[in-house]
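A look at the structure
Each chain, letter by letter, is given below.
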Amino acid sequence: MPSFRAPRGTRDLLPAERPAWERLAAIASDLARRYGYASIETPIFEQTAVFERGVGEATDIVEKELFRIQPRSEEAESWALRPEGTAGIVRAYVQHGLHTLPQPVRVQYLGPMFRYDRPQAGRYRQFWQWDVEAIGDPGPAIDAEIVELGHRFYVEAGLPNVKVLLNSIGDGACRPAYVTELTAYFASHRERLPELERSRLATNPLRLLDSKDPEMAALIAAAPRIVDRLCDACRTHFDAVRAHLDALGVPVRLEPSLVRGLDYYTRTAFEFYREGAEGQQQALGGGGRYDGLVQLLGGKPTPGIGFALGLDRVVLALAEERIAAPAPAHPAVFVTGADPADTVSRLRFATDLRHGGICARADLGQRRLSRQLEQAAREGAHFAVILGDELREGLVQLRDLRAASQHPVPLADLAREIERGEQSHRHG
Ligand code: AMP
């Protein structure tokens with residue numbers, strides 16, 4: 001017998017776990033409504049070039065982690081599963097000419113992302129992100145709106161101690177000179193660089209600042225800082241972003257070595273961490289401004305900013321903080337019957353209740369009434385309806401499984417009684 005398993009680095013989210021995820025999705029969708037971010041959906045795979053250009057060829061995400069789909073023939077187009085959401089959304093913005101809508105275009109969605117990475121705690125090959133983007137506004141106020149929205153998600157999810165690490169990584173006017181200076185700095189310490197960092201020095205020197213290698217900590221701390229090298233426009237922008245965040249009361253810590261792994265970021269870069277949990281695989285989310293991305297993907301020069309929050313890590317953090325997940329929903333009513341063979345009546349009865357808006361299940365097996373009632377209790381139903389001979393007189397027995405009481409109820413009153421019972425239960 002083959003024994004099949006979910007692919008390495010992926011997980012089944014079983015019914016007992018899903019309510020925690022659905023709760024987060026509901027918080028995200030309610031925030032999106034209140035903040036005015038419309039829903040968008042893009043394909044789970046794209047032309048590989050969308051990611052190569054949009055994320056950057058010299059990033060881990062594209063170099064090592066891209067889930068490439070094997071082409072079916074020589075000339076077939078090359079596809080890859082999306083490792084993040086922004087590139088696909090910006091591709092859609094360009095393809096559908098969304099620059100003709102009122103700007104910025106505020107959009108959001110929640111869905112799975114794929115990275116071919118070594119699986120470990122908090123790092124999976126399929127994981128879920130809530131992505132929020134505002135395309136077409138150069139900021140700085142929108143930067144603060146976006147950062148505050150991300151922070152607010154954690155507060156509403158039950159993680160009030162999440163703080164924002166913030167940096168500006170400059171733009172085309174000031175970053176090139178800084179990168180040259182940074183490259184010279186690290187090159188002068190070449191002999192102290194671990195092998196991997198040495199190879200990165202040639203392709204993407206900013207990434208050395210992202211290194212979590214303990215050998216690198218002292219070198220990074222003494223490295224030239226981009227915040228000290230910003231051009232006037234970037235400096236003014238950064239100061240204004242901070243002033244807006246201050247005014248909103250968002251807890252921010254400046255982090256000069258925060259550069260984010262992606263090539264397309266300009267100016268504002270940020271990450272979310274829980275107080276005391278700032279190690280690798282512990283970033284709960286991150287984002288930044290990407291003023292060059294729309295053009296890179298074939299559009300007119302257009303500014304943009306967004307974030308991606310990793311839901312897997314939020315679920316883990318909530319469990320660590322012992323924040324109770326909602327329980328799976330129980331049926332209000334479980335329909336049972338004295339005649340084990342009469343599944344027609346039980347199913348029809350449950351169907352009528354369902355059509356009337358009541359959460360009902362029926363016992364569809366052919367077991368004895370006592371067994372059916374046991375099943376009703378196991379499924380956590382509040383009431384059991386018992387169909388018997390009295391049905392001819394228009395009556396059923398309604399058993400309150402929580403109060404352990406039972407009485408006959410005319411069919412015409414049943415829905416009302418169940419709803420009343422449910423309500424008084426909900427309000428204690
Ligand atoms: P990134 O754009 O890579 O910073 O990703 C944004 C957020 O997505 C991170 O802060 C994580 O919470 C989450 N994330 C990224 N990669 C993974 C992964 N392989 N497994 C689980 N969560 C991830």
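This write-up is about the structure you can find in this document.

Definitions and cut-offs
Residues numbered from 1 in each chain as written. Predicted model: local features only at pLDDT ≥ 70, side-chain atom pairs only at ≥ 80, totals over all residues. Heavy atoms only, no water. Helix = DSSP H or I, 4+ residues; strand = E, 2+ residues; numbered from the N terminus. Polar contact = N/O pair within 3.5 Å; in protein donor to acceptor, adjacent residues only side chain to side chain. Contact = heavy atoms within 4.5 Å. Phe/Tyr/Trp six-rings, centres within 6.5 Å; stacked < 30°, edge-to-face > 60°. Buried < 20%, exposed > 50% of the residue type's maximum accessible area, 1.4 Å probe, protein only. Lys NZ or Arg CZ within 6 Å of the ring centre and 35° of its normal. Near = heavy atom within 4 Å. Nonpolar A, V, L, I, M, F, W, Y, C, P; charged D, E, K, R; others polar. Pairing = 2+ DSSP bridges. Axes fitted to C-alpha atoms, helices over the stretch in contact; angles between N-to-C directions.

Turning next to the side chain of Arg91. With respect to the element layout, Arg91 can be found in helix α4 (residues 86–95). A polar contact of 2.8 Å, which involves the side chain of Arg91, links it to the side chain of Glu46. In contact with Arg91, other than residues within four places in its own chain, are Thr42, Pro43, Glu46, Val50 and Leu297.

This part takes up the packing of aromatic side chains. Applying the stated rule across the entire model yields 10 aromatic pairs. Between the aromatic rings of Trp21 and Trp128, the centroid separation amounts to 5.5 Å while the plane-to-plane angle is 70°, which identifies the pairing as edge-to-face. Remark: Trp128 occurs in strand β6 (residues 126–135) and Trp21 occurs in helix α1 (residues 18–35); sequence separation between them is 107 residues. Accessibility assignment for this pair places Trp21 and Trp128 in one class, buried. Ring centres 5.7 Å apart and planes at 70° place the aromatic pair Trp130 and Phe307 in the edge-to-face group. Remark: Phe307 occurs in strand β11 (residues 304–310) and Trp130 occurs in strand β6; sequence separation between them is 177 residues. When its relative accessible area of 1% is taken as the criterion, Phe307 is described as buried. Through successive ring pairs, a cluster of aromatic residues spans Trp130, Phe153, Tyr154, Phe270, Phe272 and Phe307. Sitting over the ring of Tyr116, Arg125 keeps its end group 4.1 Å from the ring centre. Positioned over the ring face of Phe238 is Arg242, at 5.4 Å from the centre of the ring.

Neighbouring the ligand are 13 residues, the closest being Arg115, Tyr124, Gln129, Arg260 and Ala283. One of the backbone nitrogen or oxygen atoms of Tyr124 is found 2.8 Å away from a nitrogen atom of the ligand. Within the side chain of Gln129, a nitrogen or oxygen atom sits 3.0 Å from an oxygen atom of the ligand. Elements with a contribution of two residues or more to the shell around the ligand: β6 and β11. The class makeup of the residues in the shell around the ligand is five nonpolar, four polar and four charged.

What follows covers the sheet that holds strand β14 (residues 383–387). Judged by pairing direction, the sheet is mixed, and its five strands sit side by side in the order β13-β12-β14-β15-β16 without closing on themselves. Two strands in the sheet have a free side with no partner beyond their single neighbour: β13 (360–362) and β16 (405–410). Strand-to-strand twist in this sheet, taken as the mean axis angle between neighbours without regard to direction, amounts to 25°. Across four bridges, β14 lies against strand β15 (residues 395–400) in antiparallel orientation. In the strand pairing of β15, Ile386 is matched with Gln397. On top of the sheet, helix α12 (residues 343–355) reaches β12 (333–337), β13, β14 and β15; it is set at about 175° to β13, its chief contact. Across the sheet, helix α13 (residues 369–378) touches β12, β14 and β15, and the angle it forms with β12 is around 175°.

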